[in-house]
Every structure is written in C-alpha cells, then in structure tokens.
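# Examining the three-dimensional arrangement
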Amino acid sequence: MTFSLFLLLFAIQLSSVAAQGSISDYAPTINAPCPDASDGVLVRTFTPQTQALNPQEVSYLDARESNVIPSAWSDWVGNGSAIGYSLSLFNASLPRIGIAVGGQGYRTAQFGAGVFSALDARNSTAKTLGTGGLLQVASYLAGSSGGSWLTASLVLNDWPGPSTLVYGDGGGLSGWMLNLDLIAPSSVNLGDGNNQAYWGSILASVEAKAKASIDTSLTDLWGRAVSYHFSNQTTSNNFYTNSTGHGAGQLWSQIPLLPSYANQSMPFPIIAADSIPSASNPTSAVSLDSVVYEFTPLEFGSWDPNLSAMAPMAYSGTHLVNGIASSPSACVTGFDQVAFMMGSSASIFNAVDGSNGNFTGFDNQDGDVIGMQFLYQQLSSNVQSRSFNVANWPNAFQGVNPATFQDSPSQWLSIVDGGSNLEQIPLGSLFTEARAVDVVVAVDASADDSNQWPNGTTLLTTSQRISSLLSSSHQAFPPIPSSVQDFLSTGVNLRPTFFGCNPSQIPAEYPLIIYIPNSPPLDGSAPASNTGDLQFSYTPLSTAVFINQAFQNTLGGFKPNTTSPDPNWPKCLQCAALDRARLKLTPPPPRSDVCTQCFSQYCYDPSNPPSASALPGRDFVYSNPDPGGVTKVEAFLSRNKAAIIGGVVAVVIVAGGGIAFIFWWRRWTERKNRYTRVHELRDDDEPWKHYESYPAELEMLRLSLF
C-alpha cells in the first residue's frame, strides 16, 4: 500500500471524528499572531547571577507550597513524633522536594510507575507502611527519555494514581497497553492490515505537520507512536482506527487548563532533553558541554550558562532572531504537541543510525526493524527534512549569546534523547539555583552494566558536568563514590542511598539526594525489571511482575546482611525528606535519635563507605517471567482462524496439544515459581489485582485453536 493511499483512506475518515480530535491535529498553526510584548522580544535572557523563574512558575509553587503541601506533610508523617520531631516546628521551613526519573523507554516508565506507587499516599499498602506520601509533598517532577513518558502520561491524564495510569480504570483510562508493540503492534508481518492502518495513521499525522512547512523526522513518528500508549485517547478497541486523534492536538502549554494543575494537586512538571550542535554530524556523540534543554508547560530553554534563556512554550516552533519574530503575525502555535515532547526527550535515532535505515539494536523478531524501516522509507520518500535523525526545533534563540551558545548562528535546534550525554536522570533542572530545591529524589532506571542495572554513571556524569560547567548556575553536587568501580564496591547502586546528609555549611551547599536505583529483588527472587532499552512490548504478566518488583524494593529499603526488607525504612525515608527543614531554623535543632540511626544506615559517608557484601543473595541475571508471550500469536490466530483450520488442521491439533500441555504446566508451576510473592499482596492494592487475568489470555489462545 502506498503512502498516498494511506493519506486518502485516512482523509475520508477525518470528517466523522472531528469532535473527538483528528490525527491531523498534530499539525501546528503557522502565521499566527504573536503575543503582545512592549519591545517585541519573546525570549527572556539572564545570567547565572540573575537567574529567575517564570512568574507563573513562582505563583504555582507558592500556591502548592502554601495550600497543598503542608497538609500533605501532616497526612504523611502525622505530628512527626514517630521520627522524633514536632512537625509544627517546621511549618514555616518545610523543604522543597523535587523528583527526577530517567532512563530508556518502557523499562523506565514501568520502573518509575512502580516506585511512584510506593511513594503515593493513594496506594493503601504504601500509605499503611509509611512510604506513601512523598509523592504528595514534592514540588517538582522532572523526567527525561522514558521518564518523560511517565511524567507526561501522569500529567496529561490529570494526575491519576500510577496503577490506574498503567492498567486503566475500566472507564476513561485504558492504561498503557504495553502488550501492543510500540512499532509493530499487531504482528511481525509487514503486510498485516492492522499494522498498515496504525502506520498509516502515524504517517498521516506527520505529513500534516510537514505540510505546515515544519521539518519533521523519525522523532515525530516516534512521538506519535508513544502517544498511542501514554496519552488518553486510545483504547484497545480504537487502536487501529481514526475514531480519535490518538493524542494529536494535546499541547504541553495547555497543561495549566487541567483541574489537577489548576488546584496545584500535581508537582510542577518538567521534561528534559539533550542537544547536539546543529552544524555537527547528527550521528555524532553528545558532549557534556552541549546544551541541555527543559520543557515546562510555560516555557522552554536552558539554564546552562552558555545559553541562559527561555522562550514561551505556547510559541515554540517560532523562529526568532534576537528574540523577535520576523513579523507580528509570524508566530507558530500548536508545535508543542505532548507527543513531540515525549518524542524529543527520547529521540534516539542519532545513536541507532536511523537515517540509514539500520536501527541498530532494534528487535528483528518482533517486527520492530521492518516496521521502522517501512516508516522511514515512507517518510523520507514523501517529505524533505534537514535531518531525520534528530528532533527538529526551529531555533527561538538565534542571535542569543553568540560568544558562548553553540547554536546562536543556526536556524534550527537539534534535540536528542535526554540521556545522550550519559545523564540519564534530569537532575540539572532540579539543581538550578533559581529553583532552590532542598531534596532531590533520583529514580534511576539506567541500564549501564552487562545485566542492564545502573552502576552510578548518571550521577557521576551529572557531578562532573555541574563541577566543570555549571558551578555558576547550579547548586553543587553532594559527595558520591568517585568512580563506577566505587559505586559497585560500596553497593549503593543496589539499594536506596542518601547522598549529602551532612553539608559543611548553612544554608547547605547542595541538596540531599534520595537515590532509588533499579536493582534486583531484595529476597533473591529472579529479576524481571532489568529489561533492554529497546524492548517495545511487554505481556500483562511481564508488566505486572516488573512493576511489583520496583514497588516492593521501594517499600522495603534494605536490611544489612539479610535478604529481608527493613521495617524502619519508611521512617528513614521520612527522615531524609524532612531533614533539610532543620537547617532553615536558627539555631538548627539536632537530628533526632530515630533519624540519626537511619542516617547511619542509609547515608553515604565517603570517610566510612559501605560495602556491597552487606547485600547478599541478589540474583542479577534477567529472568523473563513470561517467556514467549502470547499477544501477537493470539492476534494472528484470531485473524487467520479459517485459513488455519482449512489448510493446516494437523498442525493446529499438534500445536493445540502442545499449548494445552504448556497451559497445564504453567498453571501448575505458577504456584511454585519465584514470582509467588505477586499473589501475596493485599486485594485492595490496585496495581496488583490485575495479575490473575493472565491465565485467561492463555485460555483464550487455547480455545481459539480448537
């Protein structure tokens, strides 16, 4: 089927779905009126010494920290007596907390969802144990790459509980549907009608943007595919239709219109991404001095000293020179599609040689390679672009800081994945001086070692970048192990750790970091959360086990020299979150006995480092909880039942017998394998009640064969 036929078929459908949004809503509006400005300048510039937040961000934080967060603290820690304090003592000095989540793809989104469930007061288990509540007292939430998918999904869907977000609510939210492959959702067959419908819809959206004279790329295709899972307009019933826009037309700058933003129920959201100089080879490596950008609902730009500028998010897509549009009616609106934000933050194509059609590392067996090759061939044959390997952003900062800004002479910005410079977690946005964050929760889903666990690289890289490039614009980084080898030998990459517990001055020269890495299960169970960067589908059971392991580890902390959770961990987490409040009082009260004991276990002390030997019995090698899966097989059989029955009856009978045996065998072993902990959770713990649905899928497959 040709690209032109795709567009014709989808154009016929558009008129009937306008009320629910259209895939063509992905196109921005050009030649729009520019906002009023006395001097016509739309870009605000500053120096590291004159940094200032957007006034609307200040207003949001003031309202959230005055009207929402104090009661959330009371709900979380009560009167504070359980951790040795009187919370009322800190009413005027509560710490400002930011959460940052980073890493690649579906792995990071799922790991973050499991961690957030354990930190969410709406989760009954987390609330009862005492970890649930940290999410409610946070002022900021920053995500990059796969973490941006989680961040945007939470925000766009009006801040639901993570379990509802992932699994759906049986009503308005359909869940992430990770069983449908991101690239080839229906089958491995290039000619599959559902795949063709899906790809045609995505291509039609991107073509609509290209017709507005905005350069497109593989990133646009990527973001549109991601939006089918992480926005709120797609269900399993309409996945292959155009009955909605599948997230097209949903704008990042319109987040302030959502109820949870209007009543300050959510932390202020930030998405981060890296860049490469526009004049460089788009497949080149990303150096530490390349500009790191952030996208908030209010504005986009960078706090890096070599740029130090912000432009209005609602008018991103507008080419500005010295902050001024070419005419009062030369602005662009609708460029800030949430799909494009997620795509930009996770734009990996400069690293996988996408523009040569190679897609290095993508899975051949799942249809991902042929799917991406088909999409690229269709896109590159029908649109022109300055680069297909990066996210193309018209440069709003042309002419700004020509002595230091890498793209000051350029008309375009080349945006790439937020972890391209090895800073997988977007800590820079939370360390900027103007934000004055006291505590940073760093959720690390990196895949650094051969078993795809974090090894400290992201923290080491951010520490190096801050000390060498950002010392004038950002808070200092707290002491951490000095090398990857030291991270491994101390074991701080295997359990929650507090960095920066004992600053040398008041106010503290750095925030306290609560580090939560993806790590093997505490009890030695087979790990299921160390999946690959480029795994683009998960069966329901795989997702359930994955998220449960992240949830349990975040609930459990660690107990030295055992494989047991720490019953004191929830109090220790509360201690770490509250500790900087002491330093805002004059004189600072001493750390409580409870918290002192906690800090002796969880704080990293460079003069007395811990040892990985205190974390015994961990299994590091990934074990697929659902080998093989059934999703694509089931879809294939359903669509081809008549042909199978008529042409290969004998094969079907043999296959049916084999699957029936496997069905019996798996049901028998389910009660004996290492994942039995999944079924021990409380019935009212929403994320996990879906685990029992998986055997029914096997039953459906078995029945379809007979």
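Structure: see above.
As the structure is a prediction and not an experimental result, all values here were calculated from the model.

### Overview of the overall build of the protein chain
A count of helical and extended segments in the protein chain gives 22 helices and 14 strands. Relative to its full complement of 706 residues, the protein chain shows a buried share of 60%. Within the protein chain, contacts between residues separated by at least 24 positions form 75% of all contacts whose residues are at least 6 apart in sequence.

### Comments concerning the nonpolar core
If you look at the biggest cluster of nonpolar residues, it comprises 173 residues, and the most contacted ones within it are Trp73, Trp222, Phe295, Phe362 and Phe397. For Trp222, the residues in contact, after removing those within four places along its chain, are Trp149, Leu182, Ile183, Gly343, Ala346, Ile348, Phe349, Phe362, Met372 and Phe536.

### Quick look at the state of the cysteines
Tallied over the entire structure, the rule returns four disulfides. A disulfide bridge connects Cys34 with Cys331, and the sulfur atoms are separated by 2.1 Å. For the disulfide bridge between Cys34 and Cys331, the dihedral angle about the S-S bond is near 110°, and by the sign convention the bridge is right-handed. In this pair, Cys34 is assigned in the loop between strand S1 (29–32) and strand S2 (44–45) and Cys331 in strand S9 (residues 331–333), connecting sequence segments 297 residues apart. Residue classification places Cys34 among the buried positions, given a relative accessible area of 16%. For Cys572, the disulfide goes to Cys598, at an S-S distance of 2.0 Å. Handedness here is read from the sign of the S-S torsion; for Cys572 and Cys598, about -75°, the answer is left-handed. You can see Cys572 sitting in helix H17 (residues 569–578) and its partner Cys598 sitting in helix H18 (residues 593–602), a full 26 residues away along the chain.

### Re the pairing of strand S4 (residues 140–144)
Within S4, five of the five residues are buried, which leaves it mostly tucked inside the rest of the structure. Neither face of S4 is left uncovered, since the one carrying Tyr140, Ala142 and Ser144 and the one carrying Leu141 and Gly143 both have all their residues buried. Sheet analysis places strand S3 (residues 97–102) next to S4, joined by four bridges and oriented parallel. Looking across to S4, one finds that Gly98 is bridged to Tyr140. Where S4 lies against strand S5 (residues 268–276), five bridges are found, and the strand directions are parallel. Each bridged residue has a counterpart across the sheet, and for Gly143 the counterpart in S5 is Ile271.

### Concerning empty space enclosed by the protein
Taken as a whole and assessed by the stated rule, the structure comprises seven cavities of 30 Å³ or more. There is about 180 Å³ of room inside the largest cavity. For the lining of the largest cavity, the elements supplying multiple residues, two or more each, are S5, strand S6 (293–295), helix H13 (428–431) and helix H14 (457–469). Among the elements that take part in the lining of the largest cavity, H14 stands out by supplying three residues, more than any other. When the residues that make up the lining of the largest cavity are grouped by side-chain class, the tally is nine nonpolar, eight polar and five charged. Its volume calculated, the second largest cavity comes out at about 100 Å³. Around the second largest cavity sit 16 residues that line it, and Pro517, Ser519, Ala550, Asn553 and Thr554 are the ones nearest its centre.

### Considering the pattern of salt bridges
A complete count under the given rule lists 13 salt bridges for this structure. Taking the shortest distance from any N to any O, the salt bridge between Arg435 and Glu57 comes out at 2.8 Å. One end of the pair, Arg435, is in the loop between H13 and strand S12 (439–444); the other, Glu57, is in helix H2 (residues 55–67), and 378 residues separate them in sequence. The class for Glu57 is buried, based on a relative accessible area of 1%. The partner of Asp533 in a salt bridge is Arg107, with the nearest N and O atoms 2.7 Å apart. Remark: Arg107 occurs in helix H4 (residues 105–118) and Asp533 occurs in the loop between strand S14 (512–517) and helix H16 (540–556); sequence separation between them is 426 residues. For Arg107, a relative accessible area of 1% puts it in the buried group. In the salt-bridge network here, residues are joined through shared partners; they are Glu57, Glu294 and Arg435.

### Quick look at H2
The terminal C-alpha atoms of H2, which comprises 13 residues, lie 18 Å apart, in line with the 18 Å expected from a rise of 1.5 Å per residue. Residues of H2 that are buried include every one of Glu57, Tyr60, Leu61, Ala63 and Arg64, and no others. Projected down its long axis, H2 carries its buried residues within an arc of 165°, all on one side. In this structure, H2 carries Pro55, Ser66 and Asn67 as exposed residues pointing more than 90 degrees from its buried face. On its buried side, H2 packs onto helix H3 (69–77), S4, helix H10 (259–262) and S5. The opening residue of H2 is Asn54, an N-cap whose side-chain oxygen sits 2.8 Å from the backbone nitrogen of Gln56.

### Side note on the side chain of Asn195
For Asn195, the position within the fold is in helix H8 (residues 193–210). According to the relative accessible area criterion, Asn195 is buried, its value standing at 0%. A polar atom in the side chain of Asn195 sits 3.1 Å from the backbone oxygen of Asn189. Sequence-distant contacts of Asn195, defined by excluding residues within four places in its chain, comprise Ala184, Pro185, Ser186, Ser187 and Asn189.

The rules behind these values
In every chain, residue numbers begin from 1 and rise along the written sequence. Two thresholds apply to this predicted model, a pLDDT of at least 70 for residue-level local features and 80 or more for giving and counting side-chain atom pairs, whereas whole-chain, interface and lining totals are computed over all residues. As a convention, hydrogens and water are excluded, and side-chain values are obtained from all of the structure's heavy atoms. Only DSSP runs of H or I reaching four residues or more are called helices, and only runs of E reaching two or more are called strands; each is numbered from the N terminus. Partly exposed describes any residue whose relative accessible area lies between the buried limit of under 20% and the exposed limit of over 50%, with all areas from a 1.4 Å probe on protein chains only and scaled to the type maximum. In this description, contact between two residues means that some pair of their heavy atoms is separated by no more than 4.5 Å. Residues enter a nonpolar core if they are buried and are Ala, Val, Leu, Ile, Met, Phe, Trp, Tyr or Cys, with the set joined through side-chain atoms within 4.5 Å. Throughout, a disulfide means two cysteine sulfur atoms within 2.5 Å of one another. Strand pairing is defined by DSSP finding a minimum of two bridges between the two strands. Here a cavity denotes a set of grid points, spaced 1 Å apart and computed over the protein atoms alone, in which a 1.4 Å probe fits but from which it cannot get out, and a pocket denotes an open set meeting protein on both sides within 12 Å along at least five of seven lines; residues with an atom within 4 Å of a point are reported as lining. Grid points are joined across faces, edges and corners, and a volume is the space filled by probe spheres set on the points. Amino acids are sorted into nonpolar (Ala, Val, Leu, Ile, Met, Phe, Trp, Tyr, Cys and Pro), charged (Asp, Glu, Lys and Arg) and polar (every other residue, Gly among them). The rule for a salt bridge is simple: a side-chain nitrogen of Lys or Arg has to be within 4 Å of a carboxyl oxygen of Asp or Glu. Take the number of residues in a helix, subtract one, and multiply by 1.5 Å to get its expected span. Directions are taken from the helix axis to each C-beta atom, and the arc is the one they span. For the purposes of these results, a polar contact is taken to be a pair of N or O atoms within 3.5 Å, where, inside protein, one atom must be able to donate a hydrogen and its partner to accept one; residues adjacent in sequence count only when each atom of the pair is a side-chain atom.

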